[in-house]
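# Summary of structural features
One-letter residues, chain by chain:
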Amino acid sequence: CMARRKVNLGMALRDEDSDDDDEEVPLAVKMDALRRMQSYKSMQSGETSLQSGLIKFSETPMEVSVKDLRDVLADIEKTDFAGQEPFLLDVREEDEYSLCRIEGATLLPMSQMKTRFDEVPKDKTVFVYCHHGTRSMQVVRYLRTKGWKRVTNVDGGIDEWSKIVDRSVPRY
């Protein structure tokens, strides 16, 4: 019969109710971290903090459906919006873009976004899409952190566009 012995792995055993970690971090550091986190979250949701301390919400939602985009494009065709046309941004890769695209879209692959983000206009509403909407949401969040206010994701991407809006656009 072998005797068991306790092995100390250098980890101190602590009482679960202990708040020692909290006491080690100064309150000013905690408050700064909280402010930064709140600022980041508000930027992601389209909020803008004003000097007065009030919060102004962006008119542009984080995400729209393909039907919403279809309606916006249809309204543009019916009326004269001179210079206010939306900017369609396709963030898929070149091989995907060569398979299918929404007419009028500009290709700027997500893999090149960090070096080419300044090519995206700030003076237009930007609709970002990819294959299913995941990469484009990442780009929307990235652009919002860089100061773009009128940028929104197209939920479901070109796949959803092909199923609901324009069946002539090939699916892959």
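In this text, all values refer to a predicted model and were calculated from it rather than measured experimentally.

It is worth spelling out the nonpolar core at this point. Within the largest apolar cluster, 16 residues are counted, with the highest numbers of intra-cluster contacts made by Leu-89, Val-128 and Leu-143. Of all the secondary structure elements, the ones that give two or more residues to this core are β4 (87–90), β6 (126–129) and α6 (134–145). With four residues, α6 is the single largest residue contributor to this core. In this structure, Leu-89 is in contact with Thr-106, Leu-108, Met-113, Val-120, Val-126, Phe-127, Val-128, Tyr-129 and Leu-143, ignoring residues within four places of it in sequence.

Applying the stated rule across the entire model yields seven salt bridges. Residue Glu-96 pairs with Arg-135 through a salt bridge whose shortest N-O separation is 3.0 Å. A residue pair is termed long-range when its members are at least 10 positions apart, and Glu-96 in helix α4 (residues 94–99) and Arg-135 in helix α6 qualify at 39 residues. What makes Glu-96 buried here is its relative accessible area of 12%. Judged by its relative accessible area of 24%, Arg-135 falls in the partly exposed class. Between Lys-163 and Glu-160 there is a salt bridge whose closest N-O contact spans 3.7 Å. Taken together, the residues Lys-163 and Glu-160, both in helix α7 (residues 157–164) and three residues apart, mark about one turn of the helix. Residue classification places Lys-163 among the partly exposed positions, given a relative accessible area of 33%.

Below, the discussion takes up the packing of aromatic side chains. Enumeration over the complete set of coordinates arrives at two aromatic pairs. Both rings, one in Phe-117 and one in Tyr-142, keep their centres 6.0 Å apart while their planes meet at 85°; by these two values the pair is edge-to-face. Of the two residues, Phe-117 is situated in the loop between α5 (113–116) and β6 and Tyr-142 in helix α6; the sequence distance between them amounts to 25 residues. Their ring planes at 80° and their centres at 5.9 Å tell us that Phe-117 and Trp-148 sit as a pair that is edge-to-face. Of this pair, Phe-117 sits in the loop between α5 and β6 while Trp-148 sits in the loop between α6 and β7 (151–154); the two residues are 31 residues apart in sequence, bridging distant segments of the chain.

Cut-offs applied
Residues numbered from 1 in each chain as written. Predicted model: local features only at pLDDT ≥ 70, side-chain atom pairs only at ≥ 80, totals over all residues. Heavy atoms only, no water. Core = buried A, V, L, I, M, F, W, Y, C linked by side-chain atoms within 4.5 Å. Buried < 20%, exposed > 50% of the residue type's maximum accessible area, 1.4 Å probe, protein only. Helix = DSSP H or I, 4+ residues; strand = E, 2+ residues; numbered from the N terminus. Contact = heavy atoms within 4.5 Å. Salt bridge = Lys/Arg side-chain N within 4 Å of Asp/Glu carboxyl O. Phe/Tyr/Trp six-rings, centres within 6.5 Å; stacked < 30°, edge-to-face > 60°.

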